[in-house]
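Descriptive structure summary
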Amino acid sequence: CPAEAVDHMPCEDPRRNSQLSREMNFYRERHCPLPEETPLCLIPPPSGYKIPVPWPESLHKIWHANMPYNKIADRKGHQGWMKREGEYFTFPGGGTMFPGGAGQYIEKLSQYVPLNGGTLRTALDMGCGVASFGGTLLSQGILALSFAPRDSHKSQIQFALERGVPAFVAMLGTRRLPFPAFSFDLVHCSRCLIPFTGYNATYFIEVDRLLRPGGYLVISGPPVQWPKQDKEWADLQAVARALCYELIAVDGNTVIWKKPVGDSCLATQNEFGLELCDESDPPSDAWYYKLKKCVTRPSAKGEYALGTIAKWPERLTKVPSRAIVMKNGLDVFEADARRWARRVAYYRDSLNLKLKSPAVRNVMDMNAFFGGFAAALASDPVWVMNVIPARKPLTLDVIYDRGLIGVYHDWCEPFSTYPRTYDFIHVSGIESIKRGSSKSRCSLVDLMVEMDRILRPEGKVLIRDSPEVLDKVARMAHAVRWSSSIHDKEPESHGREKILVATKS
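Conventions and cut-offs
Residues numbered from 1 in each chain as written. Predicted model: local features only at pLDDT ≥ 70, side-chain atom pairs only at ≥ 80, totals over all residues. Heavy atoms only, no water. Core = buried A, V, L, I, M, F, W, Y, C linked by side-chain atoms within 4.5 Å. Buried < 20%, exposed > 50% of the residue type's maximum accessible area, 1.4 Å probe, protein only. Domains from an automatic or database assignment. Contact = heavy atoms within 4.5 Å. 1 Å grid on protein atoms, 1.4 Å probe; cavity = no way out; pocket = protein on both sides within 12 Å on 5 of 7 lines; lining within 4 Å. Points joined across faces, edges and corners; volume = space filled by probe spheres on them. Helix = DSSP H or I, 4+ residues; strand = E, 2+ residues; numbered from the N terminus. Phe/Tyr/Trp six-rings, centres within 6.5 Å; stacked < 30°, edge-to-face > 60°. Lys NZ or Arg CZ within 6 Å of the ring centre and 35° of its normal. Pairing = 2+ DSSP bridges. Right-handed = clockwise from strand over helix to strand, strands pointing away. Salt bridge = Lys/Arg side-chain N within 4 Å of Asp/Glu carboxyl O. Expected span 1.5 Å × (residues − 1). Arc of directions from axis to C-beta. Disulfide = S-S within 2.5 Å.

A look at the nonpolar core
For soluble globular proteins, the rule of thumb is that nonpolar side chains tend to be buried together. Judged by nonpolar contacts, the single largest core of 116 residues is most densely connected at Phe179, Phe196, Phe204, Trp257, Tyr347, Met385 and Met451. Taken domain by domain, this core gets at least three of its residues from each of domain 2 (100-295) and domain 3 (314-504). Beyond its immediate stretch of four places on either side in the chain, Met451 contacts Met366, Ile425, Val427, Ile430, Val461, Ile463 and Trp482. Judged by nonpolar contacts, the second largest core, of 20 residues, contains Leu120, Leu137, Tyr216 and Ile256.

Quick look at the structure:
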């Protein structure tokens, strides 16, 4: 590709999307070109690119040459977002609402929210800047997924991922965010400027869909006790009251609510006209799914509520109630956990994949099912983006119930991330993730070019599939300039699978 494509994201291309409607930020959502409009070329790194600073040093500094964009450092340096220091960008850990650093701010929150001890595990940070909040929570054992759009703070998500903090590009606009219902134990907005009460409180209702019963919602910044925003602040409190959220604290410009557990208490009469969704509404369908103006019904039994669900780390291995509702769910879950423990041991010992090495931090599993691969890596210094293909069984709720994170995605489209953001990509069944009901909907070449875009130089790919599929993959790997080798699978596994391991040059 030409040098100016260095940071190209096909579905978040400002030149294409700026012509679209601005209503509800539609133009900042995903809008993908047709495959025939996408040039088939490999995206070059910027000149002077270096292999990223290893984790955990990367949390505090990254190479300037890898994303030489000074705009955020110039504009936000005084708030402690990031600074330019010689060859590096450094991250003091600040944010607009916490210029003294995320550590101090999290300490303040911990007076009101149980941030340690394993009660909370999954968090969503909306409009996250360079993700210092999520990066700082990691030391408390909380795994936060941070998102922001591609907007005037160009590359904020690119900086977050280069730091080794879980993040992706998204916008709360006209569609549901690509997560199942009741995924997050904590939802956080620090000056995210989402109009929670606009459009009949549609965005607050979407946050409510994503928040686990008994979970915490933290909003810092406008309109919370903000000058000239009395009406907006009153409206925000009114929506929270209508949904029976318990007000835990208002501390300066920060408000903390706790979501109720059990049956929804939504009164029939409320000033926003909020109603419960129909029983038939699929609460966890969230791939290109229009936002609803109705409130998602939680389970009356509250079996996946905070306080009922196991604490971290027991939560990782305990069979979630949402797995058991599947046919033979309990047996399938336990067999899957054993299978991935065995496979990952084989990857380490026999294939010599250094998954604990400082060179591996950001990992993607393109076909995650129950998150067994990620669970087998839980003691390693990595995080895994578990992707559930949008046309496969929607098991992402089980992944969140285990205390892992991920998104829905259709692999016939580009992923919402910048180039060179993952160190290791794993895919079991590459042929199956691009199928519809039976036939293939897109080409293997397009998929591998997209994997190349996401992978950093010297990054690794591991693909499991039949020998016939891997023969095709190996030929294309050569075309995209990966060096690859094919190996036998672990001896205890049945089936005809083989394993291809490739390194991007």
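As for the layout of surface pockets
The computed volume of the largest pocket comes to approximately 810 Å³. For the largest pocket, the lining is made up of 38 residues, of which His8, Pro10, Pro33, Thr38 and Pro39 are closest to its centre. Elements with a minimum of two residues in the lining of the largest pocket: helix H1 (14-17) and helix H13 (444-454). The biggest single contributor to the lining of the largest pocket is H13, with five residues. Each of domain 1 (3-37) and domain 3 (314-504) accounts for three or more of the residues forming the lining of the largest pocket.

Here we look at the packing of aromatic side chains
Per the stated rule, a full pass over the model turns up 23 aromatic pairs. Taking 6.2 Å as the distance between ring centres and 85° as the angle between the ring planes, the aromatic pair formed by Phe179 and Tyr400 counts as edge-to-face. Here the residue Phe179 occupies a position in the loop between strand S6 (167-169) and strand S7 (184-190), and Tyr400 occupies one in helix H12 (residues 396-401), the gap between them amounting to 221 residues. Tyr400 carries the same exposure label as Phe179, and that label is buried. Arranged with centres 5.2 Å apart and planes meeting at 15°, the rings of Phe182 and Tyr304 form a pair that is stacked. Of this pair, Phe182 sits in the loop between S6 and S7 while Tyr304 sits in the loop between strand S12 (294-295) and helix H8 (314-317), and the two are 122 residues apart along the sequence. Exposure class is identical for Phe182 and Tyr304. Each is buried. Ring pairing ties together the aromatic residues Phe147, Phe168, Phe179, Phe184 and Tyr400, which thus form one cluster. Sitting over the face of the ring of Tyr304, Arg322 holds its NZ or CZ atom 4.6 Å from the ring centroid.

As for unusual backbone geometry
Both trends apply: most residues other than glycine have a negative phi, and most peptide bonds are in trans. Here the bond from Trp55 into Pro56 is cis, since omega is 5°, no more than 30 degrees from zero. For the bond running from Pro222 to Pro223, omega is 5°, close enough to zero to count as cis. Here Pro223 shows up in the loop between strand S8 (211-220) and helix H7 (230-242). You will see that Asn25, though not glycine, has its phi angle at about 55°, which is positive. Tracing the chain through its elements places Asn25 in the loop between H1 and strand S1 (61-63). On the basis of relative accessible area, Asn25 is assigned to the partly exposed category, the value being 25%.

Re the environment of Lys472
Within the secondary structure, Lys472 is located in helix H14 (residues 467-479). The exposure class of Lys472 is partly exposed, given its relative accessible area of 35%. For the pair Lys472 and Ser416, spaced 56 residues apart in sequence, the C-alpha separation works out to 26 Å.

Some details on the pairing of strand S15 (residues 406-409)
Looking along a regular strand, one sees the side chains alternate between the two faces of the sheet. Residues Gly406 and Tyr408 point to one face of S15 and Val407 and His409 to the other, with burial holding for every one of them. Where strand S14 (residues 383-389) lies against S15, four bridges are found, and the strand directions are parallel. Following the sheet pairing, Pro389 is matched in S15 by His409. As a crossover connection, the stretch from S14 through H12 into S15 is right-handed.

Focus on the pattern of salt bridges
One pass over the full model with this rule turns up 28 salt bridges. Its salt-bridge partner being Asp336, residue Arg339 comes within 3.4 Å of it at the nearest N-O pair. On the criterion of helical spacing, the pair formed by Arg339 and Asp336 is a turn pair, its members being three residues apart in helix H10 (residues 329-349). Judged by relative accessible area, which is 3%, Asp336 ranks as buried. One salt-bridge network, held together by shared partners, links Asp185, Arg212, Arg315, Arg322 and Asp401.

Comments concerning H14
Here H14 is 13 residues long and its end C-alpha atoms lie 19 Å apart, about the 18 Å a rise of 1.5 Å per residue gives. All of the buried residues along H14 are Val469, Leu470, Val473, Met476 and Ala477. Angularly, the buried residues of H14 cover 120° about the axis, an arc narrow enough to put them on a single face. In H14, the exposed residues that point more than 90 degrees away from the buried face are Arg475, His478 and Ala479. Looking at the buried residues of H14, the elements they touch are H13, strand S17 (455-465), strand S18 (482-488) and strand S19 (498-504). Residue Arg481 follows H14 closely and has a positive phi angle near 70°.

Comments concerning the state of the cysteines
The final tally for this structure, using the stated rule, is five disulfides. Here Cys1 connects covalently by a disulfide to Cys41, the sulfurs 2.0 Å from one another. The sign of the 100° torsion about the S-S bond sets the Cys1-Cys41 disulfide as right-handed. Taken together, the residues Cys1 in the segment before H1 and Cys41 in the loop between H1 and S1 connect sequence positions 40 residues apart. Accessibility expressed as a relative area gives 29% for Cys1, which makes it partly exposed. In this model Cys277 forms its disulfide with Cys294; the gap between the sulfur atoms is 2.1 Å. Looking down the S-S bond of the Cys277 and Cys294 bridge, the torsion is 95°, so its handedness is right-handed. One end of the pair, Cys277, is in the loop between strand S11 (275-276) and S12; the other, Cys294, is in strand S12, and 17 residues separate them in sequence. Among the residues examined, Cys294 registers a relative accessible area of 15% and is labelled buried. The thiol sulfur of Cys128 is not disulfide-bonded, and the nearest other cysteine sulfur, from Cys192, lies at 10 Å.

Remember, this is a structural readout, not a statement about activity or role.
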